[in-house]
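Structural features, examined
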Number of protein chains: 2
Amino acid sequence: MTKFDEATQAIRVDETTYDVCLDPGYAIGGPLNGGYLMAVILRAVVDASPYEHPVTTAAQFLRSPGPGPARVRLEQLKTGKTAAMTRATLIQDDTAYIETLVTTATLGGGASEWTGEPAVVMPPVEECLGLPDPKPESNMTLNAQMEVRFDPPSIGWFTGAPTGRPESRAYFRMSEPQDPDPFVLALAVDALPPVAFSAGARGWAPTVELTWHLRALPAPGWLKIVGHGRLIRDGWFDEDVEVWDAGGNLVAQSRQLARLGRG
Amino acid sequence: MTKFDEATQAIRVDETTYDVCLDPGYAIGGPLNGGYLMAVILRAVVDASPYEHPVTTAAQFLRSPGPGPARVRLEQLKTGKTAAMTRATLIQDDTAYIETLVTTATLGGGASEWTGEPAVVMPPVEECLGLPDPKPESNMTLNAQMEVRFDPPSIGWFTGAPTGRPESRAYFRMSEPQDPDPFVLALAVDALPPVAFSAGARGWAPTVELTWHLRALPAPGWLKIVGHGRLIRDGWFDEDVEVWDAGGNLVAQSRQLARLGRG
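Residues numbered from 1 in each chain as written. Chains lettered and ligands numbered in written order. Predicted model: local features only at pLDDT ≥ 70, side-chain atom pairs only at ≥ 80, totals over all residues.

A look at the overall build of chain A
Each helix and strand counted, chain A has three helices and 14 strands in total. In terms of overall dimensions, chain A is globule-like: its C-alpha atoms have a radius of gyration of 18 Å, near the 18 Å expected for 263 residues. Dimensions of chain A, computed from C-alpha atoms along their principal axes, come out at roughly 50 × 45 × 40 Å. Counting across all 263 residues of chain A, residues that qualify as buried make up 52%. (Helix = DSSP H or I, 4+ residues; strand = E, 2+ residues; numbered from the N terminus. Rg over C-alpha atoms; globule rule 2.2 N^0.38 Å. Buried ≥ 20, exposed ≤ 12 C-beta atoms within 10 Å, placed from the backbone.)

Structural data, given as structure tokens:
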């Protein structure tokens with residue numbers, strides 16, 4: 001069992017309740033990463049489902065939970081012949097922190113019938129860059145869990161040269177050897193710095209809603225994460241992310257709506 | 001009050017319950033249109049919220065309700081200083097049909113700070129085409145509620161010449177004079193034929209999950225609906241829709257995951 005598998009473990013208490021322990025190793029400047037928290041919730045949902053894969057996940061981020069014990073409460077909404085629908089809530093100290101609606105199904109291994117191309121072609125991984133290790137006091141513990149190599153223009157903001165467009169692109173894999181799976185993808189769709197940074201914004205950019213779809217099971221190897229935004233307006237911005245696997249398949253799509261940081 | 005306003009009316013019973021009456025005039029070959037049903041649900045959510053606008057809506061389509069009386073049941077998840085989060089369920093005969101998570105907030109009238117361009121430039125409305133009126137027995141009553149003028153290539157499938165790419169584009173307005181508002185946008189994001197038709201698919205393509213974001217209040221006039229898909233695989237396809245208003249503003253974004261028709 002990898003550290004990530006352990007950090008996302010969900011232990012069945014009964015058919016509607018799972019115990020989890022939120023790991024302080026997935027913090028981003030204090031709060032725990034939303035993708036990590038989705039992975040925890042999805043462990044419980046998939047365990048309780050007759051189907052193997054979390055195909056659609058819509059998450060509303062109500063509050064930011066702390067590390068430590070928590071629970072996932074499940075409500076089965078429908079179990080059909082090819083898919084099941086579940087409401088899953090992350091609860092800590094009797095308070096709901098994240099509310100999700102999840103569809104599980106079992107994806108076949110079929111080839112795609114039609115597929116688009118990535119909007120942006122990334123340079124090879126060896127021409128991409130890591131960001132410097134964050135200072136310990138910044139509480140960016142998430143960074144130690146994953147290896148991220150950025151397409152250089154999309155981190156121009158870090159050295160004071162943002163591109164002026166909302167975008168964020170990188171190669172991604174877990175630091176500990178681990179093949180990507182749907183839970184790693186839940187982390188990946190929310191793993192990059194907010195696309196708004198590249199448009200000049202700064203500060204904590206809380207996700208309000210994030211919906212992601214698992215489109216295929218990822219092949220082993222680096223994942224390519226391609227994020228962009230369409231509109232920054234009224235203090236809100238969208239972040240659209242595609243995850244491509246090493247075999248060139250689109251394996252996940254997500255969009256989140258977030259608030260602009262005031263930092 | 002327009003016919004659409006009346007058809008989406010939600011009457012408060014108590015703080016968690018609204019009575020609605022699902023109108024047979026919004027059918028698409030039998031089932032009621034998902035965008036219409038979201039508009040009904042959002043009427044109740046917005047009425048019960050201290051905030052004016054449904055900014056994010058994630059909907060899971062469990063079952064297909066029939067016309068007639070139904071209820072919207074609300075659960076307030078969080079009421080914050082600038083936004084509220086609500087779970088809203090459409091119920092008929094004690095069964096849940098649609099489950100939603102909604103964030104309400106009050107959008108200001110501020111200009112956009114950064115905005116992309118539509119991926120496809122559409123010809124002017126007078127060069128776009130309507131589809132012929134459907135036969136009465138096809139039970140496509142929705143078509144009478146709205147005027148839709150398609151970008152010709154995106155309905156090539158109708159005359160046996162699909163473009164081979166998942167796409168659907170049109171100008172849209174209500175048949176009865178009515179300025180677009182957030183409830184009309186809920187209808188608009190699910191109003192066009194499935195993008196998969198243009199890639200050669202046919203038949204009833206049930207939506208499993210649809211999430212849409214209201215990004216600005218729409219100006220009066222025609223709406224432009226620009227839909228495309230990224231991947232058709234394993235019997236599932238995504239449909240990504242942007243709605244632009246007559247002032248050239250991106251006013252809504254949606255993505256749905258749907259099953260391919262077997263028709």
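There is more to say after this.
Some words on the interface of chain B and chain A
Listed as interface residues are 39 residues of chain B and, on the opposing side, 39 residues of chain A. Listing elements by their share of the side of chain B that touches chain A, those giving two or more residues are strand 3 (53–61), strand 4 (68–79), strand 5 (83–92), strand 6 (95–105), strand 7 (112–115), strand 10 (207–214), strand 12 (231–233) and strand 14 (250–259) of chain B. Here the side of chain B that touches chain A is built from residues that sort into 17 nonpolar, 11 polar and 11 charged. Pairing between strand 7 (residues 112–115) of chain A and strand 12 of chain B: three bridges, direction antiparallel. Its bridge partner being in strand 12 of chain B, A:Thr115 is matched across the sheet by B:Leu231. (Contact = placed C-beta atoms within 7 Å. Nonpolar A, V, L, I, M, F, W, Y, C, P; charged D, E, K, R; others polar. Pairing = 2+ DSSP bridges.)

Examining the relation of the copies chain B and chain A
Copies of the same chain, two in number, are related to each other by a rotation about an axis and a translation along it. Note on the identical chains: chain B maps onto chain A by a rotation of 180 degrees and an axial translation of 0.0 Å, with an RMSD of 0.0 Å. Viewed as a symmetry operation, the transformation between the two copies matches a two-fold axis. Minimal C-alpha distance to the rotation axis in chain B is attained by B:Ala58, lying at 3.2 Å. Most of the interface of chain B is mirrored in chain A, where 100% of its interface residues are also at the interface. (Least-squares fit on C-alpha atoms with pLDDT ≥ 70 in both.)

Quick notes on helix 2 (residues 34–48) of chain B
Compared with an ideal rise of 1.5 Å per residue, which puts 15 residues at 21 Å, helix 2 of chain B spans 22 Å between its outermost C-alpha atoms and is within 8% of the ideal. Burial within helix 2 of chain B is extensive, with 13 of its 15 residues counted as buried. (Expected span 1.5 Å × (residues − 1).)

Some details on the pairing of strand 14 (residues 250–259) of chain A
For a regular strand, side-chain orientation follows a simple rule: the groups alternate between the two sheet faces. Residues and elements named next belong to chain A. Burial runs high along strand 14: nine of the 10 residues are buried. Bridge analysis of strand 13 (residues 236–244) against strand 14 gives nine bridges, and the strand direction is antiparallel. Considered in strand 14, the bridge of Trp244 is made with Leu250. If you look at the hairpin formed by strand 13 and strand 14, you'll find five residues sitting between the two strands, and Gly248 has a positive phi there, around 80 degrees.

A word on unusual backbone geometry
One non-glycine residue, A:Asp93, lies in the positive phi region at around 50 degrees. For A:Asp93, a count of 11 C-beta atoms within 10 Å gives the class exposed.

Quick word on the environment of A:Trp222
Topologically, A:Trp222 is positioned in the loop between strand 10 (207–214) and strand 11 (223–228). In this structure, A:Trp222 is in contact with A:Val125, A:Tyr171, A:Phe172, A:Arg173 and A:Ala246, ignoring residues within four places of it in sequence.

Here's the deal with the pairing of strand 2 (residues 17–22) of chain A
Residues and elements named next belong to chain A. Of the two faces of strand 2, only one is covered, namely that formed by Tyr18, Val20 and Leu22; the face formed by Thr17, Asp19 and Cys21 stays uncovered. In the sheet, strand 1 (residues 10–14) pairs with strand 2 via four bridges, with the strands oriented antiparallel. Each bridged residue has a counterpart across the sheet, and for Arg12 the counterpart in strand 2 is Tyr18. Between strand 1 and strand 2, which pair antiparallel and follow one another directly, the connecting turn spans two residues. Here six bridges tie strand 2 to strand 4 (residues 68–79), and the two strands are oriented antiparallel to one another. Directly across from Thr17, in strand 4, lies its bridge partner Arg73.

Focus on the environment of A:Asp47
Residues and elements named next belong to chain A. With respect to the helices and strands, Asp47 occurs in helix 2 (residues 34–48). For Asp47, a count of 14 C-beta atoms within 10 Å puts it in the partly exposed group. Taking the C-alpha atoms as reference, Asp47 lies 8.3 Å from Arg12; in sequence the two are 35 residues apart.

Description of the environment of B:Gly200
All names here are of chain B. With respect to the secondary-structure elements, Gly200 resides in the loop between helix 3 (182–188) and strand 10. Residue Gly200 is classed as partly exposed on the basis of its C-beta count, with 15 C-beta atoms lying within 10 Å. Ignoring sequence-local partners within four residues, the contact set of Gly200 consists of Pro162 and Gly164.

So, the confidence of the model for chain A
Of the residues in chain A, 99% reach a pLDDT of 70 or more, and the chain-wide mean stands at 95. Per the prediction output, this complex has pTM 0.97; the corresponding ipTM is 0.97. (pLDDT = per-residue confidence, 0-100.)

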